[in-house]
Structure formats: structure tokens, C-alpha cells
Amino acid sequence: MRLIYATDYKDMCRKAANLISAQVILYPNSVLGLATGATPIGIYDQLADWYRKRDLDFSGVTSVNLDEYCGLEAAHKQSYRYFMETQFFSKINIQRSRTHVPNGIADPDEECRRYDEVIHTLGGIDLQLLGLGHNGHIGFNEPGPLFQKGTHCVELSENTRQANRRFFAHAEEVPHKAITVGMSSIMQAKRVILAVSGKQKANILKKAIEGPVTPEIPASLLQLHNDLIVVASVDQ
Ligand code: F6R
């Protein structure tokens, strides 16, 4: 594991974006595993900025997002497909047919199978970008008695629903279920970048990278990944 400390959110985003940009420059046909949430917004902004300056070309890139809420259509303003469109895809030259986000309104079991097949057919993920949940989740792999291997449908914990409440107008609108890629796809990614920002995440980050490997803190499994880069700004 490599730990890169950043001074603040902006610095964290620049450092993480640098790693992603190096991947895209060196391997233009990369499969990028992407995350949503607040953490990557500045990373996507930075990458889009470099694209605008013609320093980056995403035309050969394929993307595979980690998760999607069950019950939300792609056009729903809180769906993760919508998030990716507005925060990133619409600002770069990635081909839409090469962008993958789980379908939140498909039959969940079939969708999980299909999504694993998509990842398998692509030959896995070259670089996986992750955020860290307050409870140690990655993707929507929530704390529990065991690590879930494949893409699966998950009942979101109250902690996660609370944390994501800020993106919805009313608390009851926050979906109860989501589809998430499992720990196998994440662990099989050739490189993983865990991006973490904010003082309130310092404690869970410490547990994730220094504590015991346990499904109660899903991110702790990343300690066993042989190319994990943690980019963290957790001082403020
Ligand atoms: C989002 C995702 C989640 C978030 C995590 C942190 O696709 O998979 O694991 O990365 O909940 O969210 P933020 O960045 O909003 O604190």
C-alpha cells in the first residue's frame, strides 16, 4: 500500500486525478472503475479540465461504475447514471456506449448477473477509484458478517442512508436498496485508488488501513491488494 497525504481537498483531487491521468495517457484503452458521491467530484473536475486543455483523451476509455440505487431510472436526478453524466461524462469525450452503470430499474438478480458478465467480458478493471463510506463501506459493500464477492443487491444501512440524505430533498426519498459490484471485482482491479477527504473520515480510514481485515469494515480488505494507493486529506 502507498499512502499519499494531501494538504486539502483540492490537493487530494489533483493527486488522485494525476494517477488517473497517467493511467489514461499510458494506457488509452483502460477500463476505469468509477465512483460517485462527494469525494470524486473535484477529481472529475480536474480530469475534465485537463481534457479541455487537450492534455487528456478519453475516446478509448471504458468506464464501469460501482453502484446504482434500486428503483431510480437513469434520468432520475439522484441516480448515479445521472450523476456521472452531469459531473463527468458530459464534460469529456468518453463514448457513451463504453460507460457502464448498473441499471436500477432492471430485475435486480438478472442485473447483478449481467453486470458481472460485463466486467468479465471487459477483462476486469485496470484502475478502480473508490471513496470511503463513514462506516467503512466501499461501493455499497456494507459492513456485515461476510465479504460479498459478486455484484449484488444490498439493503443500505441507516448510516449510509443518512450520509446520502444530503443529495435528496426529503429523507424518505433516499432508496433503501442498491446494486453494487462485489469485493471480487474491486480486489481484482489491477490498481486501486482510495480517495478520502475530511477530518470526519480520519478515524474510519485508520481502521480501514491499519486495523484488522474484517467484513465489518469492508475497506479493510484493501490492505490485501498489492497495488493500493490511498490518497487522503483528512486533516481538515
Ligand atoms: C459511491 C460509492 C460510495 C462512496 C462513499 C463515500 O459510488 O460507491 O462507496 O464512495 O459512500 O461517499 P462520499 O464521497 O460522498 O463521502
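See the structure printed just above.
Bear in mind that the values here come from a model prediction, so they are computed numbers and not experimental data.

A. Structural view of the sheet that holds strand E10 (residues 228-233). Pairing is parallel in the open sheet, where seven strands are placed in the order E1-E10-E9-E6-E2-E3-E5. Single-partner strands in this sheet number two, and they are strand E1 (2-5) and strand E5 (99-100). Here four bridges tie E1 to E10, and the two strands are oriented parallel to one another. Its bridge partner lying in E10, Ile4 is registered against Val231.

B. Quick look at the packing of aromatic side chains. In total, this model carries seven aromatic pairs according to the counting rule given. With 5.7 Å between their ring centres and 85° between their planes, Phe58 and Phe88 make a pair best called edge-to-face. Of the two residues, Phe58 sits in the loop between helix H2 (41-52) and strand E3 (62-65) while Phe88 sits in the loop between helix H3 (80-87) and E5, which places them 30 residues apart along the sequence. The structure contains a cluster of three or more aromatic residues connected by ring pairs, namely Tyr44, Phe58, Phe88 and Phe89.

C. Just the pairing of strand E9 (residues 191-197), in detail. Along E9, six of the seven residues are buried, which leaves the element largely enclosed by surrounding structure. The sheet contact formed by strand E6 (residues 127-130) and E9 spans four bridges and is parallel. Within the sheet, the bridge partner assigned to Leu130 lies in E9 and is Leu194. Relative to E10, E9 runs parallel, the two being bridged by six bridges. Its bridge partner lying in E10, Ala195 is registered against Val231. In terms of handedness, the path from E9 via helix H7 (residues 202-210) over to E10 forms a crossover that is right-handed.

D. Spatial organisation of the nonpolar core. In this structure, Met12, Ile20, Ile43, Tyr44, Leu47, Phe58 and Phe88 are the most contacted members of the largest nonpolar core, which totals 30 residues. Among the elements of the structure, helix H1 (9-26), strand E2 (31-34), H2, H3, E6, E9 and E10 are those that each provide at least two residues to this core. Considering each element in turn, this core owes the most residues, seven residues, to H1. The contacts of Tyr44, once residues within four sequence positions are left out, are Leu34, Ala35, Phe83, Met84, Gln87, Phe88 and Leu129. Grouped together as the second largest cluster of nonpolar side chains are 29 residues, Ile125, Leu132, Ile138 and Ile204 included.

Reading guide: rules and limits
- Residues numbered from 1 in each chain as written.
- Predicted model: local features only at pLDDT ≥ 70, side-chain atom pairs only at ≥ 80, totals over all residues.
- Heavy atoms only, no water.
- Pairing = 2+ DSSP bridges.
- Helix = DSSP H or I, 4+ residues; strand = E, 2+ residues; numbered from the N terminus.
- Phe/Tyr/Trp six-rings, centres within 6.5 Å; stacked < 30°, edge-to-face > 60°.
- Buried < 20%, exposed > 50% of the residue type's maximum accessible area, 1.4 Å probe, protein only.
- Right-handed = clockwise from strand over helix to strand, strands pointing away.
- Core = buried A, V, L, I, M, F, W, Y, C linked by side-chain atoms within 4.5 Å.
- Contact = heavy atoms within 4.5 Å.

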